[in-house]
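Coordinates in review
The lines below spell out each chain.
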Amino acid sequence: MLDQLQARFPDLHFVAGERFCWSPQAHEVIYDSSRQDTTAVWSLLHETGHALLNHQSYLADFELLQIEMAAWQRARELATELGITIDEDHIQDCLDTYRDWLYKRSICPKCSTKALQQNNHTRYRCFNCHTVWQVTPSRFCRAYRATKKTASAGETVFSAANLATISA
Ligand SMILES: [Zn+2]
Ligand SMILES: [Zn+2]
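Presented here is an overview of the structure given in this document. (Residues numbered from 1 in each chain as written. Chains lettered and ligands numbered in written order. Predicted model: local features only at pLDDT ≥ 70, side-chain atom pairs only at ≥ 80, totals over all residues. Heavy atoms only, no water.)

Some thoughts on the coordination of the zinc ion (ligand 1)
Coordination of the zinc ion (ligand 1) by the protein involves C108 (SG), C111 (SG), C126 (SG) and C129 (SG), with metal-donor separations of 2.2 to 2.3 Å. Because the angles between the four donor atoms bound to the zinc ion (ligand 1) fall within 102 to 117°, the donor set is best described as tetrahedral. Classification of C111 as partly exposed rests on a relative accessible area of 29%. (Donors = N, O, S within 2.8 Å, 3.2 Å for Na, K, Ca; no water. Tetrahedral: all angles 85-135°; square planar, octahedral: opposite > 155°, others 65-115°. Buried < 20%, exposed > 50% of the residue type's maximum accessible area, 1.4 Å probe, protein only.)

Okay, here's the thing in structure tokens:
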């Protein structure tokens, strides 16, 4: 699959790493070289989708979900071209993971009211109790202590794999 994608998109850089992600800064699709299963193929197509759409760092939380949906749509098209099918349940699970994460970020830590993100996209403000809390745009691409290629701190990468480890 990797060879097929590389042949099809010679301008894209595929780099072995320890998880699947797209790094807009490095302009690299990083893939988990230890995985060969079906979902790994889907993840590769998804990250390739980000790359082909040239997704940059997102600004507001609500934009992240749109970006994720767009990448999956591109992945679906790629899969069709390559004669494979991505399980819709898998896609919805991935999107739900993002939805859960975004929802948790937006809940007031003091009174549990759902709040709106402020204009600078780095904090939320509760309209009920006026609590303000910071969120980190690059939080979902935490730097890993790793031996293989990973994104460095502060870089924004689009990866579903590490979302599960986030406590909002
Ligand atoms: Zn509140
Ligand atoms: Zn993604």
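With respect to the coordination of the zinc ion (ligand 2)
Listed as protein donors to the zinc ion (ligand 2) are H46 (NE2), H50 (NE2), E68 (OE) and E68 (OE); their distances from the metal cover 2.0 to 2.5 Å. For the zinc ion (ligand 2), the four donor atoms in the first shell make angles of 54 to 136° at the metal, so the coordination geometry reads as irregular. Read in sequence order, the donor residues for the zinc ion (ligand 2) give the motif H-x3-H-x17-E. Of the two residues, H50 sits in helix α2 (residues 38–52) while E68 sits in helix α3 (residues 61–81), which places them 18 residues apart along the sequence. Summarising the burial analysis for this pair, H50 and E68 share the class buried. (Helix = DSSP H or I, 4+ residues; strand = E, 2+ residues; numbered from the N terminus.)

Let's talk about the sheet that holds strand β6 (residues 132–134)
Spatially, three strands are ordered β4-β5-β6 in an open sheet, and the strand pairing comes out antiparallel. Strands with a single pairing partner mark the edges of an open sheet, and in this sheet they are β4 (116–117) and β6. As defined by bridge partners, strand β5 (residues 123–125) adjoins β6 across three bridges and the pair is classed as antiparallel. Bridging across to β6, R125 finds its partner in V132. In this fold helix α4 (residues 88–106) packs onto β4, β5 and β6, with an angle of close to 60° to the strand it touches most, β5. (Pairing = 2+ DSSP bridges. Contact = heavy atoms within 4.5 Å. Axes fitted to C-alpha atoms, helices over the stretch in contact; angles between N-to-C directions.)

Side note on the packing of aromatic side chains
Counting across every chain of the model gives one aromatic pair. With 5.8 Å between their ring centres and 10° between their planes, Y124 and W133 make a pair best called stacked. On the accessibility criterion, Y124 (4% relative accessible area) is buried. (Phe/Tyr/Trp six-rings, centres within 6.5 Å; stacked < 30°, edge-to-face > 60°.)

Notes on the sheet that holds strand β3 (residues 28–32)
By way of backbone hydrogen bonds, the strands of a sheet pair with one another, either parallel or antiparallel. Spatial ordering of the open sheet is given by β1-β3-β2, a layout of three strands whose pairing is mixed. Bordering the open sheet on either side are β1 (13–17) and β2 (21–23), each of which pairs with just one other strand. Averaged over all adjacent pairs, the angle separating strand axes in this sheet is 30°, with direction ignored. Pairing analysis gives five bridges linking β1 to β3, with the strands arranged parallel.

Section: α2
Relative to the 21 Å expected for 15 residues at 1.5 Å per residue, α2 spans 21 Å between its end C-alpha atoms, a close match to the ideal helical length. Most of α2 sits inside the fold, with 11 of its 15 residues counted as buried. Among all positions in α2, only A40, W42, S43, L44, L45, H46, E47, T48, G49, H50 and A51 are buried. As for α2, its buried residues are in contact with α1 (2–8), β1, β2, β3, α3 and α4. N54 sits one or two positions beyond α2 and adopts a positive phi of about 50°. (Expected span 1.5 Å × (residues − 1).)

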